[in-house]
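Below, each chain spelled out in residue letters.
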Amino acid sequence: MDDWPVTSVLVIEDDDRIRLSLILALEDEGYSARGAATAEEGLTVHRTNPADAVVVDLMLPGLDGFECIRQLRRSSEVPIVVVSARDDTHDIVAALEAGADDYVVKPIAIKELSARLRAVQRRTRSTTPELATVTVGDLEIKPEAGEVRLRGELVPVTHTEFRLLCEFADQPGRVFSRQQLLQRVWDYEFGDERLVDVHVGRLRQKIEDDPSSPQRLLTVRGMGYKLQR
Amino acid sequence: MRRPGLRTRVTAVFAGGALVLTAAMALLSYEITSRTLLAERERTANRTTYSDAKFIVAPALQANQEPGEVLAQLKTGDTRRALIWRNGRWHAREPDTGLTAAVPDSLLRMALDNKPGIQRVRTEIGPALVFAIPLSPGVVFVEVHSLQELERTLGVMALVLGVVAGGTTCLGAGLGWYATRRALRPLASVADAAQGIAAGDLAARLDPAAEPELQRLTDSFNDMVDQLARRIERDRRFAADVSHELRSPLQTLSAAASVLARRADRLDQRTGTAARLVAEEVARFQQLVTDLLELARTDQPPDLTEVDVAELARQLCRARGFDDEIVKVSPGAPQVWQVDSRRFEQMLANLLDNAERHGGGPICVRIARRNGSHVLEVDDEGPGVLPEDRQTIFNPFVRGRPARARGDSDGTGLGLALVAQHVAAHGGRVTATDRPGGGARFRVEIPEVRVEVPEEVAS
C-alpha cells in the first residue's frame, strides 16, 4: 500500500489532544504529519511549506474551517479532508462546497482516515495515462497534462474535480450513477452521494456558461450524470 | 353512537328555530285571515239573505205567489240556494238535490219559533252558511250560501304559508351551516397551524388580530408553539453538544489507542494485553456512540433517492466476505427503490451483521414485492429468534439470547434498534420470523414511493 514516497499531512485542529493523537497515529500509518492549532497558523504553515494533504476540523477559533478551506483553495489544489464532529447535511455540503475533497465524521478510526487520505493522494498522482485528449465541443480535457481548457483557456480544477471529469470524459455520453462515481473517484465501496453532487456542482461552476442550466455536465434524473457528447 | 358534530347540531337548532317561528307565524296569520274572511263572508251573506227575504220573498208570498215561482225570481247565482218552508214542507226552485237535508232541524225549529239563525254546515257541495229567517208563522225563508270559494282561498293561503314555512326552515338550516362555517373558520386555521407544526413547521403561528373573540385561544396556542419550538431547539442543541462533546474525546482515544495497539507486540505481555483491550473497547465504544447519536437523531425526514438495492446488497455482502450470489431478486420485483441511501445502507448492513453475529452468516438476501410494498428479507441458518423475543429484539440494548449467554461483546446492542428506526423513517416495518427450514428471517417492508418516471432531462 505504502509504496509512495512519504507524504506530508497538515492537521489543522484546535483541540490539542486530538491534534497530537492524530499526528502520532498518522505517523504510524507512514505519513509525515504536522499540526496547526488555528486556521491562520495552518494557512501560514501551508504557504511556507506546502503539505501533500490537509486534514481540517470545522470548528476552529478565529477563522472557521469553512473559511480555512476557501482560503486554501484560493491558492492551492491540495487535497483536503474534513474531520469534524458535525454531521448534519448542512455542514457537510457547506464544507464540500467550500472546496473540501472528502468529509469524515469524528470519531474516525485511523485506518479509515488513512484510507481516505490514500484515496485523495491517488487522485493527485494517477491520471489515466492511456486516455488521450478528449474534446467535447469547446471543452478540452488533457489527462496527460492534467489540464482542462474551455475555449482554449485553462480552467483551474482540483485533483478530485479533475478525476471526476476524466471519468466522464473517458466515455462521453455514458450515464454514471453516483455510486459508480464514488467507487471510481473516491474509492468508496459505498459512500455519501452528496460528495458527487457537490463536486459536480463545483465542476459546473467552472465549465458551464450558466451553472443553473448546464449544457455540458448533465443530470439524468434517477440515474446519475453524464458528459454531453 | 357517535355524537353528531357541532356543525350539524347548530344547523339543526337553526332549522328547528326557523320552523317553530314560521309555523307559529303561519298559524296565526291563517287563523286571523280565515276569521276575518269568514266574518266578512257572513256579513255579506247576511245582507243578501235579508234583502232577498225582505224585498222579494216576503212581498211575493204576501201576494200569494207560489213558493216555486217566488224562488225563481231570485237571482241566486252559483254561490247560494234559496228554500222556503211552508205548510210543513220544503219548497225549492229545483227538485230537491239533498239541500234540504243540509238544513239543521234545530235551526228550522228556532226559525219557526220566530228566531232568525245562522249555522255553518257541511253539505254535499262543501261547507256552507245556512240562514233561516222567519217570514210569518209557519213560513221560513232559508238561504244556503256556499263557502267553497272561501275554503279554496284559505286552502291556497295554507299552502302558501306552508311553503313559506318550509322555505324559511331550509333558509334557517342554510344560515346555521353558513354561520358555523364562519364561526369555525378560525378553528380551521388553528387546525391547519397544528397540522403544520405536527409536520415539523415550527414557524407556524396564528394571527392574533384575525379573530378578536378567539384572542385567548390564539395567544395560548402561539405560546404553546413557542414553548414547543424552544424545547425542541434546546433538545436539538443539547443533542448537538452531547454529540460534539462525545465525539471529540473519542477521536483522541481512538487515535491514541491505535498507536498503542500497533505497538502491543513490542510491549511486555501485561501491558500489551491491556493496550489491545483498550483499543478493542475504544473501537466498540466508538461504534456505540455513533449508533446512539444516530438513534437520537429522529427528527430528520428521509432524504429519498433512487438506490439499486440489489447492487447495494451485493456490495455489502462482498465487503463482509459473503458470496454475493445470495442476493436474489424475485421476478417482477423492482430493484431500484426510493430510499434514504445512507440510512438504508446502514439498515441493510446491520441486518447482515446481525445474521453474521447470531445466525452464522446470511444465506439469502431476497428482494421482492408484495401488496404494493417493497420487501427485503435477510435469512440465516442460526438458532432463530424465540417468539417471545420477536418484538423486544428491536429495542435498544436487547441482545440475542445466545450472544448474551456467550458473553459476546461484539455488538453495541443498537443494531436492530437502528434497523427499526430507519425502516420506520421510511414508513415501513420490520419483523423477525422463522425461516422455513430453520433459522431466522428478518423481513423489511417499505411502502413503494410512486414517482412519475421523468423524461430524461437530456438525451
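Residues numbered from 1 in each chain as written. Chains lettered and ligands numbered in written order. Predicted model: local features only at pLDDT ≥ 70, side-chain atom pairs only at ≥ 80, totals over all residues.

## Let's talk about the sheet that holds strand E9 (residues 153–154) of chain A
All names here are of chain A. Selection rule: Pairing between two strands requires that DSSP report at least two bridges joining them. The secondary structure listing takes helices from DSSP runs of H or I that are at least 4 residues long and strands from runs of E that are at least 2 residues long, numbered from the N terminus. Placing C-beta atoms from the backbone, we regard two residues as in contact once those atoms come within 7 Å. Between N-to-C directions, angles span 0 to 180 degrees; the directions come from axes that are lines fitted to C-alpha atoms, helices contributing only their stretch in contact.
Taken in spatial order, the four strands line up as E6-E7-E8-E9 in an open sheet, and their pairing is antiparallel. With partners counted over all chains shown, the strands left at the sheet margins are strand E6 (134–136) and E9, one partner each. Summarising the sheet, E6 and strand E7 (residues 139–142) pair through three bridges and their orientation is antiparallel. Following the sheet pairing, Val136 is matched in E7 by Leu139. Against the sheet, helix H6 (residues 159–170) touches E6, E7 and strand E8 (147–150), its axis set at about 105 degrees to E7.

## Quick notes on helix H3 (residues 65–75) of chain A
Residues and elements named next belong to chain A. Filter applied, for reference: In this scheme the burial state of a residue depends on its C-beta neighbours within 10 Å: 20 or more other such atoms mean buried, 12 or fewer mean exposed, and anything in between means partly exposed; the C-beta positions come from the backbone. In this description, one arc is meant: the one made by directions from the helix axis to the C-beta atoms.
Of the positions making up H3, those classed as buried are Gly65, Phe66, Cys68, Ile69 and Leu72. For H3, the angular spread of buried residues about the axis comes to 160 degrees, placing them on one side. Away from the buried face of H3 by more than 90 degrees, exposed residues Arg74 and Ser75 are located. If you follow the buried residues of H3, they end up packed against strand E1 (8–12), helix H2 (39–48), strand E3 (53–56), strand E4 (80–84) and helix H4 (89–98).

## Structural notes on the confidence of the model for chain B
Residues and elements named next belong to chain B. Operational definition: In predicted models, pLDDT denotes the confidence assigned by the predictor to each residue on a 0 to 100 scale.
When pLDDT is averaged along chain B, the result is 85; 94% of the residues meet or exceed 70. Contacts for the low-pLDDT stretch residues 403–407, under 50 throughout, to residues beyond four places or in other chains number four contacts. In the model, residues 452–459 has pLDDT below 50 throughout and makes nine contacts with residues more than four positions away in sequence or in other chains. Interface predicted TM-score (ipTM) for the complex: 0.84; the corresponding pTM is 0.64.

## Describing the interface of chain B and chain A
Much of the literature gives interface size as the accessible area that the parts lose upon coming together. Heads up, the condition is: Classes in brief: Ala, Val, Leu, Ile, Met, Phe, Trp, Tyr, Cys and Pro nonpolar; Asp, Glu, Lys and Arg charged; the others, Gly included, polar.
At the junction of the two partners, chain B supplies 28 residues and chain A supplies 23 residues. For the side of chain B that touches chain A, the secondary-structure elements that each account for two or more residues are helix H6 (215–262), helix H7 (269–296), strand E6 (304–308), helix H8 (309–319) and helix H9 (341–359) of chain B. The element contributing the most residues to the side of chain B that touches chain A is H6(B), with 13 residues. Class assignment of the residues belonging to the side of chain B that touches chain A gives a composition of eleven nonpolar, eleven polar and six charged.

## Regarding helix H7 (residues 178–186) of chain A
Residues and elements named next belong to chain A. All of the buried residues along H7 are Arg178, Gln179, Leu181, Val185 and Trp186. All buried residues of H7 fall inside an arc of 160 degrees around its axis, so they share one side. Where H7 terminates, the next one or two residues include Asp187, which has phi positive at roughly 65 degrees.

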